[in-house]
Amino acid sequence: MITIKSKREIELMKKAGLLVSEMHKFIKPYIKEGITTKELDKLCEDFIRSQDAVPTEKGYEGYPASICASVNDTVVHGIPNNYKLKNGDIITIDTVIGYKGYQGDSAWTYKVGEINEDDEYLMKHTEKALYKGINEVKPGARIGDVSAAVEKYAKEHNLGVVRELCGHGIGSEMHEDPEVPNYGLPNTGPKLKPGMVICIEPMLTFGKRYIYQEDDGWTIKTEDGKNAAHYEHTVLVTENGYEILTPRLDD
Ligand code: MF3
Ligand code: CO
């Protein structure tokens, strides 16, 4: 069931979303050579708690941290650990923050120092694919319109589209209906209505689209070892179109 959020719920989701944006802005200056992903996790957790908010990922189905920190060929769900970031790495920070029972969810990929041209290309076009999807959001549009727009842009730019993981509805739970795939056909799937809130989150790869999960039960990597990028926004369907509840404040 896809829920329509009340005015009050939307206000709380705006606040949750803004906290996610503020956390990204807060953590960006720390993303430098030498810091460990575990240290980034601790900084983020302390920031979230200082805002009277909850790091929703911590304890979710046993997930052990407050952020997902996915480096290079890790696509999603990288568990923060003692790995020290190196110049030339790319890292996705994906986090969900709860505020008074409502969730905001956003992932952005960052560069560490100077990165190569291929990674610049991957990051730039994965973020653009996200905005192509968001651009389709309005009352009466269908989930397949969003999915198809992301897929078309990714394919035009020769990037692999990970299919095993999807975007999702969001509200008091981090994952609600509907599923929001990054591939599909226009004019298919559920219809969007004002008051729905969805997370759109393309996960694109520089090589093939195939992935595997490591033995830790979380970390998802590309099979061919090529890098992946991941950008996600929480998006409200409004009367006329959409509002991004997790706006970028960092650039
Ligand atoms: N933030 C992820 C998403 O976009 C979910 C993370 S799974 C968790 O759906 F276990 F880390 F919480
Ligand atoms: Co999400």
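> Help me understand the coordination of the cobalt ion (ligand 2) in this model?
Around a metal, the idealised angle for a tetrahedral arrangement of four donor atoms is 109.5 degrees; for an octahedral arrangement of six donor atoms it is 90 or 180 degrees. Around the cobalt ion (ligand 2), the protein contributes the donor atoms Asp105 (OD), His168 (NE2), Glu201 (OE) and Glu232 (OE), at 1.9 to 2.4 Å from the metal centre. Relative to the metal, the six donor atoms surrounding the cobalt ion (ligand 2) lie at angles of 46 to 175°, and the coordination shape comes out irregular. Donor residues binding the cobalt ion (ligand 2) come from one chain and are separated in sequence as D-x62-H-x32-E-x30-E. One end of the pair, histidine 168, is in strand S7 (residues 167-169); the other, glutamate 232, is in the loop between strand S13 (228-230) and strand S14 (233-237), and 64 residues separate them in sequence.

> Would you mind showing me how to read the packing of helix H1 (residues 7-27) against helix H2 (residues 37-50) here?
Helix-helix packing: each pair is described by the crossing angle between the helix axes and the interaxial distance. One way to put it is that H1 packs onto H2 with a least axis distance of 10 Å and a crossing angle of 140°. Here H1 is positioned oblique relative to H2, judged by the angle of their axes. The crossing of H1 and H2 is right-handed. Contacts between H1 and H2 pair Leu19, Glu22, Met23, Phe26 and Ile27 from the former with Leu40, Leu43, Cys44, Phe47 and Ile48 from the latter. Classifying every residue of the contact of H1 with H2 by side-chain character gives nine nonpolar, no polar and one charged.

> What's the story with the pairing of strand S4 (residues 90-99) in this structure? I'm lost.
Here is the key point about a regular strand: its side chains alternate between the two faces of the sheet. Of all the ten residues making up S4, ten are buried; the element is thus mostly covered by neighbouring parts of the structure. Because side chains alternate across S4, one face comprises the buried residues Ile90, Thr92, Asp94, Val96 and Gly98, and the other comprises Ile91, Ile93, Thr95, Ile97 and Tyr99, equally buried. Pairing geometry for strand S1 (residues 54-55) and S4, over two bridges, is antiparallel. Across the sheet, the residue bridging to valine 54 is glycine 98, located in S4. As paired elements, strand S2 (residues 68-71) and S4 share four bridges and run antiparallel to each other. Bridge assignment links alanine 69 to a residue of S4, and that residue is isoleucine 93. Relative to strand S5 (residues 102-111), S4 is paired through ten bridges, and the arrangement is antiparallel.

> Which parts of the structure should I look at to understand unusual backbone geometry?
Negative phi characterises most residues that are not glycine, and trans characterises most peptide bonds. The peptide bond linking aspartate 177 to proline 178 adopts the cis configuration, its omega dihedral lying at 0°. Residue position: proline 178 is located in strand S8 (residues 176-180). Although it is not a glycine, asparagine 72 sits at a positive phi angle of roughly 55°. Topologically, asparagine 72 is positioned in the loop between S2 and strand S3 (74-76). Exposure remark for asparagine 72: the relative accessible area of 16% places this residue in the buried category. Positive phi outside glycine occurs at asparagine 158, with the angle close to 60°. Here asparagine 158 lies in the loop between helix H4 (143-156) and strand S6 (160-161). Owing to a relative accessible area of 66%, asparagine 158 belongs among the exposed residues under this scheme.

> How should the site of ligand 1 be read in this particular structure?
Taken together, 14 residues surround ligand 1, and among them Glu57, Asp94, Asp105, His175 and Glu201 come closest. Contact distances for ligand 1 include 3.0 Å between a nitrogen atom and a side-chain N or O atom of aspartate 94. In the complex, 96% of the free accessible area of ligand 1, which totals 330 Å², lies under the protein chains. Comparing atom positions with the cavity grids shows ligand 1 to sit within the largest pocket. Its residues assigned to classes, the shell around ligand 1 shows six nonpolar, three polar and five charged.

> Please clarify how the pattern of salt bridges should be interpreted in this entry.
Any two side chains of opposite charge can pair, so long as their charged atoms come close to each other. Per the stated rule, a full pass over the model turns up 13 salt bridges. When the shortest N-O distance is used, the salt bridge between arginine 49 and glutamate 45 registers 2.9 Å. Note that arginine 49 and glutamate 45 are positioned in helix H2 at a spacing of four residues, about one turn of the helix. Residue classification places arginine 49 among the partly exposed residues on the basis of a relative accessible area of 43%.

> Where do I start with the sheet that holds strand S10 (residues 203-205) in this structure?
The strands that make up a sheet are held in pairs by hydrogen bonds between backbone atoms, and each pair lies either parallel or antiparallel. Pairing within the open sheet is antiparallel, and its three strands lie in the order S6-S10-S13. At either margin of the open sheet sits one strand with a lone partner, and together these are S6 and S13. Here three bridges tie S10 to S13, and the two strands are oriented antiparallel to one another. Of the residues in S13, the one forming a bridge with leucine 204 is alanine 229.

Rules of the game
Residues numbered from 1 in each chain as written. Chains lettered and ligands numbered in written order. Predicted model: local features only at pLDDT ≥ 70, side-chain atom pairs only at ≥ 80, totals over all residues. Heavy atoms only, no water. Donors = N, O, S within 2.8 Å, 3.2 Å for Na, K, Ca; no water. Tetrahedral: all angles 85-135°; square planar, octahedral: opposite > 155°, others 65-115°. Helix = DSSP H or I, 4+ residues; strand = E, 2+ residues; numbered from the N terminus. Axes fitted to C-alpha atoms, helices over the stretch in contact; angles between N-to-C directions. Parallel < 35°, antiparallel > 145°, perpendicular 65-115°, else oblique. Left-handed = near helix turned anticlockwise from the far one by under 90°. Contact = heavy atoms within 4.5 Å. Nonpolar A, V, L, I, M, F, W, Y, C, P; charged D, E, K, R; others polar. Buried < 20%, exposed > 50% of the residue type's maximum accessible area, 1.4 Å probe, protein only. Pairing = 2+ DSSP bridges. Near = heavy atom within 4 Å. Polar contact = N/O pair within 3.5 Å; in protein donor to acceptor, adjacent residues only side chain to side chain. Areas by Shrake-Rupley, 256 points an atom, 1.4 Å probe, with all protein chains shown as cover. 1 Å grid on protein atoms, 1.4 Å probe; cavity = no way out; pocket = protein on both sides within 12 Å on 5 of 7 lines; lining within 4 Å. Sits in = over half its atoms within 2 Å of the grid points. Salt bridge = Lys/Arg side-chain N within 4 Å of Asp/Glu carboxyl O.

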